[in-house]
Amino acid sequence: MPENEDIIEKIDATPTKRLFVDILTRDISVKACILDLIDNAVDSYINHELEEKRQITINIFPEKFEILDTCGGIAKNLLRDEVFRFGVEELENNKPTLGVYGIGLKRASLKLGKHISLITDDGINYSEMELNVPQWLSIRGEDEWKIPFKEVSNSKLLQDDKPYTKISISDLYPPIAEKFILVSFLNELKEAIHITYTLFITKYIDFNFNGQLVPPYEILIRDDDQFKPAKIKDSFEDVSIEIICFIDKTKERRAKKEIGQRGWNIFCNNRLIMYEDTSITTGWTGEKSDLPKYHPIFNEFRGIVFMSSNNPSRLPLTTTKTGLDTDTK
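Below: a short report on this structure. (Residues numbered from 1 in each chain as written. Predicted model: local features only at pLDDT ≥ 70, side-chain atom pairs only at ≥ 80, totals over all residues. Heavy atoms only, no water.)

Within the protein chain, the regular secondary structure consists of eight helices and 13 strands. Across the 329 residues of the protein chain, 41% fall into the buried class. Considering only contacts within the protein chain whose residues lie at least 6 apart along the sequence, 67% involve residues at least 24 apart. When the accessible surface of the protein chain is split by element, carbon and sulfur atoms take 50% of a total near 19,100 Å². (Helix = DSSP H or I, 4+ residues; strand = E, 2+ residues; numbered from the N terminus. Buried < 20%, exposed > 50% of the residue type's maximum accessible area, 1.4 Å probe, protein only. Contact = heavy atoms within 4.5 Å. Areas by Shrake-Rupley, 256 points an atom, 1.4 Å probe, with all protein chains shown as cover.)

Here it is, written out as structure tokens:
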């Protein structure tokens, strides 16, 4: 070998599971994690193109979290090849779903506890999966990223039963268990479901939270002889946009602020991302050449923006779906 010929070696840049999981779960709130799990159930309803009303049940205990949906179940091949895979091959889709990057279920589950159980029946196959997180993190070698099925068999549904998925997360991390006993957190989460999924609650899915049905968040548009709503429709690339501006339906000025009675409400694929927003994000800049800064004199103004796309990666969403990515191209 010539003395000046370089010797080429390969550097192993494979990420460790521990680093990957820690980064994935660090910057998302517990509330956003649970909403991610709900998003997966809603997406199942959309992907199965269901028409009749179905149900999502969320139960939170000091020692366990459970979510059960009757929104179609998960096919065996999807559970094996995609559901617990970190990320997706392509960001394109062909339905107006909520999930984009294929990380929501994994991130949420790994954030909450050490033991994850998933049971699903799509009417063709019944499947079970159990994941002991500390044990899985310790596996090395060729199969270190693999998660085994516990059982796969023919469907166990009875004639009148609906295909379902149930996720249970136990052995909760101490900060999660402490949060789950707080009435303030439970009320905050119920309110988030009430607001975020209002269009789904109204038309498609009943939400049961700790034994109580969650009502929709009503947005009433004033349309009478004095005031007519202004509407505009447009599109940008793969995104359809509809904007509605109107005056608060209540004719009498309120003595105090009430939820949902001012500002902008922004929906992405029917998920309410921002509600009653009066920030610079929705144009309240305060700049002389632009719109004014929000002031109580605008309390009667209300606006709705619907953005929808069969390619949800085109929507200007943050990965946690808790706000708009205003830098999206």
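So, about the sheet that holds strand β5 (residues 149-154). Strand order in the open sheet made by the eight strands is β5-β4-β3-β6-β2-β1-β7-β8, with mixed pairing throughout. Unpaired on one side and paired on the other, β5 and β8 (212-213) mark the two borders of the sheet. Where helix α3 (residues 76-83) meets the sheet, it contacts β3 (113-121), β4 (125-132) and β5, and its direction lies at approximately 155 degrees from that of β5. In the packing of helix α4 (residues 104-112) onto the sheet, the strands contacted are β2 (64-69), β3 and β6 (164-172), and the crossing angle to β3 comes to about 135 degrees. (Pairing = 2+ DSSP bridges. Axes fitted to C-alpha atoms, helices over the stretch in contact; angles between N-to-C directions.)

With respect to the helices, strands and loops of the structure, tyrosine 294 is situated in the loop between β12 (271-277) and β13 (301-308). Considered as a pair, tyrosine 294 and glycine 263 are 31 residues apart in the sequence and their alpha carbons are 8.7 Å apart. Beyond its immediate sequence surroundings of up to four residues, tyrosine 294 is in contact with Arg262, Thr278, Trp284 and Asn299. At a separation of 3.5 Å, a polar atom in the side chain of tyrosine 294 contacts the main-chain carbonyl oxygen of phenylalanine 298. In terms of polar contacts, tyrosine 294 uses its side chain to reach the side chain of asparagine 299, at 2.6 Å. (Polar contact = N/O pair within 3.5 Å; in protein donor to acceptor, adjacent residues only side chain to side chain.)

This part is about the side chain of threonine 196. Relative to the helices and strands, threonine 196 is located in helix α7 (residues 183-196). Here threonine 196 falls in the buried class, since its relative accessible area comes to 7%. Non-local contacts of threonine 196, meaning those with residues more than four positions away in its chain, are made with Leu35, Asn270, Arg271 and Leu272.

Of note, the phi angle at asparagine 210 is positive, near 50 degrees, even though the residue is not glycine. Note that asparagine 210 resides in the loop between β7 (205-209) and β8. Residue asparagine 269 is not a glycine yet carries a positive backbone phi of 50 degrees. Counting through the fold element by element, asparagine 269 comes out in the loop between β11 (263-268) and β12.

Our focus in this paragraph is the pattern of salt bridges. Under the criterion given, the structure shown has twelve salt bridges. Residues aspartate 36 and arginine 107 are paired through a salt bridge, measuring 3.5 Å at the closest nitrogen-oxygen approach. In this pair, aspartate 36 is assigned in helix α2 (residues 30-47) and arginine 107 in helix α4, connecting sequence segments 71 residues apart. Arginine 107 matches aspartate 36 in its accessibility class, with the two residues each being buried. Residue lysine 166 is joined to glutamate 66 by a salt bridge in which the shortest nitrogen-to-oxygen separation is 3.9 Å. Taken together, the residues lysine 166 in strand β6 and glutamate 66 in strand β2 connect sequence positions 100 residues apart. Under the relative-accessibility criterion, lysine 166 is labelled partly exposed at 30%. One network of salt bridges, with partners in common, ties together Lys64, Glu66 and Lys166. (Salt bridge = Lys/Arg side-chain N within 4 Å of Asp/Glu carboxyl O.)

Take the pairing of β13 next. Pairing between strand β10 (residues 239-247) and β13: eight bridges, direction antiparallel. By the bridge assignment, cysteine 245 is partnered in β13 with glycine 303. By the bridge criterion, six bridges tie β11 to β13 in an arrangement that is parallel. Within the sheet, the bridge partner assigned to glycine 263 lies in β13 and is arginine 302.

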